[in-house]
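One letter stands for each residue in the lines below.
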Amino acid sequence: MSFSAYAPGRAELLGNHTDYNDGLVLSLAVNRGTTVTGSPLPDNRIALRSRDLSETWEGSLKAIQPGPAEAWYNYVLGVVEELRRRQVFLGGFELEAASTLPIGAGLSSSAALEAATALFLKKIYPYELDPLEIAKACQAAEHTYAGVKCGLLDQISVLFAKADHATFIDCRSFEVRHLPLGTDTRFVIVNSGVKHALVAGEYNERRASCEQAAHLLGKKALRDTTTAELNDARDRLPELIWKRARHITGENERVAQAVGFLATGHMDAFGKLMFESHDSSVRHFENSCPELDFLVETARGITGCLGARLSGGGFGGATINLVRADAVETFAADIAAAYQNRYGSTPLVLATEAAAGGA
Ligand code: GLA
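Residues numbered from 1 in each chain as written. Predicted model: local features only at pLDDT ≥ 70, side-chain atom pairs only at ≥ 80, totals over all residues. Heavy atoms only, no water.

Novice: Got a minute to help me understand the side chain of Ser108 in this structure?
Specialist: Mapped onto the elements of the fold, Ser108 is located in the loop between β5 (92-99) and α2 (109-124). Side chain to side chain, Ser108 and Asp154 meet in a polar contact 3.2 Å long. Among all residues touching Ser108, those that are not within four sequence positions of it are Gly9, Arg10, Leu101 and Asp154. (Helix = DSSP H or I, 4+ residues; strand = E, 2+ residues; numbered from the N terminus. Polar contact = N/O pair within 3.5 Å; in protein donor to acceptor, adjacent residues only side chain to side chain. Contact = heavy atoms within 4.5 Å.)

Put into structure tokens, the structure is as follows:
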């Protein structure tokens, strides 16, 4: 008998790099994702296959370890190991993963694979872990098997998302709230296709800078500081560390404001915060790149686009754009044409409704 599980990708609406600073973030699940299908195997055997890459991996549950950096199966093996570390009993299994998500586009194809794997394993070897613990196991897999010291944004988003709603996450209390998205606007993702070779290193370096800033300020995390306080403390921090922290305080404040704008339907104001977020990525966090800046600047000039920013870790990947529902088609055509004109390649443009989380 075969079992299958699915988890979507996610887009970060606002709250860039706030998650590992105990901060606030808004996301949604996109209408594409990863499906994992398979069945139990005897003798602790594991057989994995990626349909998209036509690659396989075989081994034993008793002897798993990380493969080469960036190997797709690291995400599966990492989840296996992290579930077992949480006293989950697992036996052998075979699975095939197939995804409709572009890889490296900042839509968290990795979290989708992790979450789909965890949910699939739960079907063949039922276990009792609450969803937050499952998200944490998937995050730990990313730390230990992919070397990225990520926060919990991606894993919570893909597991907890609700259709037609944005997901608000407080990354200290892990309170998750679902906020209805109106029907007058839509989110459109534009994938630059740029993949930065050193993303993991840059990412971990940003995280270390944020932790250093909190330490120098005598705070548990940057969540505990405001922009006003940070301005007062400018002389006490090295310039670069101050800039990194400044991005985080601004992002936390923008998410708090955005929640209010969503509740009152002030999507113009929400969009303005998205532009500000991108500016802050450029000026303070330096996690953008020319292609993403080009996409955001182009979006700014297209009628009906209310906001645009890079989404996710940065250093390549995708932008997310808030577009009036009646302008989505022209927006998609115009931005694709402009990018093609400038860089000679057609970006993937994905108008997405907010989808449900994994199951
Ligand atoms: C990546 C990480 C997340 C988060 C974002 C930036 O997607 O996996 O944990 O830090 O970058 O907000």
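Novice: I keep staring at helix α3 (residues 131-146) and nothing clicks. Help me out?
Specialist: In an α-helix, one turn spans 3.6 residues, which is why side chains three or four residues apart end up on the same side. Counted at 1.5 Å a residue, the expected span for α3 with its 16 residues is 22 Å, and the 21 Å between its end C-alpha atoms agrees. Residues of α3 that are buried include every one of Ile134, Ala135, Ala137, Cys138, Gln139, Ala140, Ala141, Glu142 and Tyr145, and no others. The elements touched by buried residues of α3 are α1 (73-85), α2 and α4 (153-160). The positive-phi residue at the C-terminal boundary of α3 is Gly147, with phi of around 75°. (Expected span 1.5 Å × (residues − 1). Buried < 20%, exposed > 50% of the residue type's maximum accessible area, 1.4 Å probe, protein only.)

Novice: Help me understand the pattern of salt bridges, please; the structure alone is not making it clear to me.
Specialist: Opposite charge on two side chains permits them to pair, given that their charged atoms come into close proximity. A complete count under the given rule lists 27 salt bridges for this structure. Here Glu12 and Arg309 are joined by a salt bridge, their closest N and O atoms 2.7 Å apart. Within this pair, whereas Glu12 is found in strand β1 (residues 3-14), its partner Arg309 is found in strand β9 (residues 305-311), the two being separated by 297 residues in sequence. Each of the two residues, Glu12 as well as Arg309, counts as buried. Where Glu251 meets Arg254, a salt bridge forms, and the shortest distance between an N and an O atom there is 2.8 Å. Taken together, the residues Glu251 and Arg254, both in helix α7 (residues 239-264) and 3 residues apart, mark about one turn of the helix. Residue classification places Glu251 among the buried residues on the basis of a relative accessible area of 0%. Looking at Arg254, the relative accessible area reads 8%, which means it is buried. (Salt bridge = Lys/Arg side-chain N within 4 Å of Asp/Glu carboxyl O.)

Novice: Whenever I open this one, the packing of α1 against α2 confuses me. Can you help?
Specialist: Viewed as axis vectors pointing N to C, α1 and α2 meet at an angle of 50°, and their least axial separation amounts to 9 Å. Compared by their axis directions, α1 and α2 come out oblique. Both α1 and α2 take part in a crossing whose hand is right-handed. Along the contact surface, α1 presents Tyr75, Val76, Val79, Val80 and Leu83, while α2 presents Ser110, Leu113, Glu114, Thr117, Ala118 and Leu121. Broken down by class, the residue content of the contact of α1 with α2 amounts to 8 nonpolar, 2 polar and 1 charged. (Axes fitted to C-alpha atoms, helices over the stretch in contact; angles between N-to-C directions. Parallel < 35°, antiparallel > 145°, perpendicular 65-115°, else oblique. Left-handed = near helix turned anticlockwise from the far one by under 90°. Nonpolar A, V, L, I, M, F, W, Y, C, P; charged D, E, K, R; others polar.)

Novice: What should I look at first to understand the layout of surface pockets in this one?
Specialist: Unfilled space is identified by rolling a water-sized probe across the atoms. Considering only enclosed or pocket space, the largest pocket measures out at about 1200 Å³ in volume. Tyr75, Gly104, Ser109, Ser110 and Glu142 are, among the 45 residues lining the largest pocket, the residues nearest its centre. Broken down by secondary-structure element, the contributors of at least two residues to the lining of the largest pocket are β1, β5, α2, α3, α4, β8 (185-195), α5 (199-217) and β10 (316-324). Classifying every residue of the lining of the largest pocket by side-chain character gives 20 nonpolar, 17 polar and 8 charged. For the second largest pocket, the calculated volume is near 200 Å³. Taken together, Asp164, Leu181, Gly182, Thr183, Thr185, Arg186, Phe187, Met267, Ala325, Thr352, Glu353 and Ala354 make up the full set of residues lining the second largest pocket. Here the lining of the second largest pocket gets 3 residues from one element, more than from any other, and that element is β8. The residue inventory of the lining of the second largest pocket, partitioned by class, reads 5 nonpolar, 4 polar and 3 charged. (1 Å grid on protein atoms, 1.4 Å probe; cavity = no way out; pocket = protein on both sides within 12 Å on 5 of 7 lines; lining within 4 Å. Points joined across faces, edges and corners; volume = space filled by probe spheres on them.)

Novice: Which parts of the structure should I look at to understand unusual backbone geometry?
Specialist: It is generally the case that most residues other than glycine have a negative phi and that most peptide bonds are trans. Unlike most non-glycine residues, Glu70 shows phi in positive territory, near 75°. Locating Glu70 in the fold gives a position in the loop between β4 (55-60) and α1. Even without glycine at this site, Gln87 takes up a positive phi of about 65°.

Novice: Explain the sheet that holds β10 here, please?
Specialist: Neighbouring strands of a sheet are bound in pairs by backbone hydrogen bonds; such pairs are parallel or else antiparallel. Within the open sheet, the 4 strands sit side by side as β9-β10-β8-β11. Their pairing is antiparallel. In this open sheet, the two strands that pair with only one neighbour each are β9 and β11 (348-352). Averaged over all neighbouring strand pairs, the angle between strand axes comes to 20°, with direction disregarded. Two strands pair when backbone bridges link them, and β8 and β11 are joined in this way by 5 bridges, in the antiparallel orientation. The partner of Val190 across the bridge, within β11, is Val349. (Pairing = 2+ DSSP bridges.)

Novice: How should the pairing of β9 be read in this particular structure?
Specialist: Successive side chains on a regular strand alternate, one facing one side of the sheet and the next facing the other. Within β9, 7 of the 7 residues are buried, which leaves the element mostly enclosed by the surrounding structure. In terms of strand pairing, β9 meets β10 through 6 bridges, oriented antiparallel. Bridge assignment links Arg309 to a residue of β10, and that residue is Ile320.

Novice: How do you make sense of the site of the ligand when you look at a structure like this?
Specialist: Around the ligand, a shell composed of 14 residues is seen, among which Glu12, His17, Asp19, Asp154 and Tyr203 lie nearest. With respect to the ligand, the side chain of Arg10 contributes an N or O atom lying 2.7 Å from an oxygen atom. Gly151 has a polar backbone atom sitting 3.0 Å from an oxygen atom of the ligand. Across the complex, the protein chains shield 93% of the 310 Å² of accessible surface that the ligand would expose by itself. Given that more than half its atoms are within 2 Å of the pocket grid, the ligand belongs to the largest pocket. The residue makeup of the shell around the ligand, split by class, is 4 nonpolar, 6 polar and 4 charged. (Near = heavy atom within 4 Å. Areas by Shrake-Rupley, 256 points an atom, 1.4 Å probe, with all protein chains shown as cover. Sits in = over half its atoms within 2 Å of the grid points.)

Nothing here speaks to function; it is all geometry.
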